[in-house]
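Examining the three-dimensional arrangement
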Amino acid sequence: MPYTADSRRYDTMTFKRCGESGLMLPTVSLGLWHNFGEVNVYENCRAIVLRAFDLGITHFDLANNYGPPPGSAERTFGRILKTDLAPYRDELVISTKAGYTMWPGPYGDWGSRKYLLASLDQSLKRLGIDYVDIFYSHRYDPETPLEETMGALEAAVRQGKALYAGISNYGPETTGNAAALLRDMGTPCLIHQMRYSLLDRRPEEGLLDVLGEKGIGGIAFTPLAQGLLTDRYLHDVPDDSRAADRYSFLSRGSVTEDLVGKMKALNRIAGERGQTLAQMALAWVLKDPRITSVLIGASRVEQVEQNVRALGNPGFTADELGRIDNVLGDTRITGVDSPEEMLS
Ligand code: NDP
């Protein structure tokens, strides 16, 4: 069936300015790290992406290594673009990244100019487009001069292969330095993509302050802690869940009895707010004004539909916030900085 976008797609989604830029992003964005590789069913991938767009999700996030195999999520999205979304290209914000292992040898990893620019060319081919909207350095490379990595982002923008530059998984200090370099080059840092959720609050230890000071937008990845902050695991580990998926990083062992008990308690608080646990977890991340968007993942259409409804009850009372903190105590799931390495 040929696709025609829903004419009401902008009726309910809220859009927020990304830092001090001119770019507005939907408060809920969709990431294609999991569930969009060659190993997944194409028709399901297509259904999720198109439903997301119909619900006002204009921002789709990729990286060179998303799959598996690496590169295949970009190919999947490229196919959807070609068959369905091509007429809507100017309504889309498509991002990709380079920084984790992508090809063998010294030029397929980390933060050199050689790697970043070659990788972007490969991404554009897989996506079948001339430019991405945002190109990210996926992680800080302590061995490469920051000037070189930021220079590669700036070159991508100057060459017209990206409209904006972004960074991901950088600490507060390197974020400040990267922002200063990019500003001097005339390509301000648009956005910082960081792991942030009820179960990982490290951005509160300085990073969010830097984003506020520098006028950089924040986009939070794994805001649902890969599904732990949903009703997915309240009773068992379903066979079709990420924790049971052999290609995923989330292990069955992450779903401990202690954690499930806490999730059940959070689920009750969410219920009192008229929300699901997932909706409350997303609203909690979005309450910080420095967060422009939450970057969700989804394995099925219904999850996207449920998650965009998180926007229906965005506020929290002090009592609710206190009760949430009391339930969680110091429970945190930080893991490695970016589990994406495991997939490449
Ligand atoms: P989430 O924390 O949103 O987890 C998504 C998973 O949660 C889904 O696949 C699904 O799991 C489950 N889920 C989502 N909604 C619901 C719901 N309403 N009810 C029940 N279960 C639900 O995010 P991801 O970990 O997928 O990451 C999101 C994006 O962030 C990535 O696609 C990527 O773009 C970006 N990212 C960036 C990184 C970086 O280093 N820059 C690192 C990691 C992610 P199930 O499959 O079990 O159904």
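Anyway, here's the lowdown on the structure attached to this text. Since the model is a prediction, treat every value here as computed from it, not as a measurement. (Residues numbered from 1 in each chain as written. Predicted model: local features only at pLDDT ≥ 70, side-chain atom pairs only at ≥ 80, totals over all residues.)

1. Notes on the overall build of the protein
Across its full length, the protein holds ten helices and ten strands. At 19 Å, the protein has a C-alpha radius of gyration in line with the 20 Å of a compact globule built from 344 residues. Overall, the protein is about 50 × 50 × 40 Å in size when its C-alpha atoms are taken along their principal axes. Within the protein, the fraction of its 344 residues that count as buried is 47%. Within the protein, contacts between residues at least 6 apart in sequence are counted, and of these 77% link residues at least 24 apart. (Helix = DSSP H or I, 4+ residues; strand = E, 2+ residues; numbered from the N terminus. Rg over C-alpha atoms; globule rule 2.2 N^0.38 Å. Buried ≥ 20, exposed ≤ 12 C-beta atoms within 10 Å, placed from the backbone. Contact = placed C-beta atoms within 7 Å.)

2. Some words on the sheet that holds strand 7 (residues 162-168)
As summarised here, the arrangement of the eight strands in space is 3-4-5-6-7-8-9-10, forming a closed barrel in which the pairing is parallel. In this sheet, neighbouring strand axes are inclined to one another by 30° on average, regardless of whether the strands run parallel or antiparallel. Here four bridges tie strand 5 (residues 93-98) to strand 6 (residues 132-137), and the two strands are oriented parallel to one another. Residue pairing for strand 6: K97 is matched across the bridge by Y136. (Pairing = 2+ DSSP bridges. Axes fitted to C-alpha atoms, helices over the stretch in contact; angles between N-to-C directions.)

3. What about the environment of A281?
Mapped onto the elements, A281 comes out in helix 8 (residues 277-286). Given 28 C-beta atoms within 10 Å, A281 falls into the buried group. In this structure the C-alpha to C-alpha distance between A281 and L229, which are 52 residues apart in sequence, comes to 6.5 Å. For A281, the residues in contact, after removing those within four places along its chain, are S197, L198, P223, L224 and L229.

4. Section: helix 3 (residues 113-127)
With 15 residues, helix 3 ought to run about 21 Å at 1.5 Å a step, and its terminal C-alpha atoms sit 21 Å apart, in line with that. Three or more residues of helix 3 are buried, namely Y115, L116, S119, L120, S123 and L127. What you see down the axis of helix 3 is that its buried residues fit within an arc of 125°, all on one side. The secondary structure elements touched by the buried residues of helix 3 are helix 2 (72-85), strand 5, strand 6, helix 4 (146-158) and strand 7. The first or second residue beyond helix 3 is G128, which carries a positive phi of 70°. (Expected span 1.5 Å × (residues − 1). Arc of directions from axis to C-beta.)

5. Looking at the pairing of strand 8 (residues 189-195)
Strand residues, when the strand is regular, have side chains that alternate between the two faces of the sheet. In terms of residue burial, strand 8 counts as a mostly covered element, since seven of its seven residues are buried. Two strands pair when backbone bridges link them, and strand 7 and strand 8 are joined in this way by four bridges, in the parallel orientation. The partner of I167 across the bridge, within strand 8, is H192. At this point the chain moves from strand 7, through helix 5 (residues 172-185), to the parallel strand 8, and the crossover so formed is right-handed. As paired strands, strand 8 and strand 9 (residues 217-221) are joined by five bridges and run parallel to one another. When the sheet's bridge partners are listed, M194 is paired in strand 9 with A220. (Right-handed = clockwise from strand over helix to strand, strands pointing away.)

6. Details of unusual backbone geometry
Going from G67 to P68, the amide bond is cis rather than trans, its omega being 0°. Looking at where P68 falls in the secondary structure, it is placed in the loop between strand 4 (59-61) and helix 2. Even without glycine at this site, W110 takes up a positive phi of about 65°. Overall, W110 belongs to the buried group, with 21 C-beta atoms counted inside 10 Å. The backbone phi angle of Q226 is positive, close to 65°, even though this residue is not glycine. With respect to the helices and strands, Q226 occurs in the loop between strand 9 and helix 7 (257-272). The class of Q226 is buried, set by 25 C-beta atoms lying within 10 Å.

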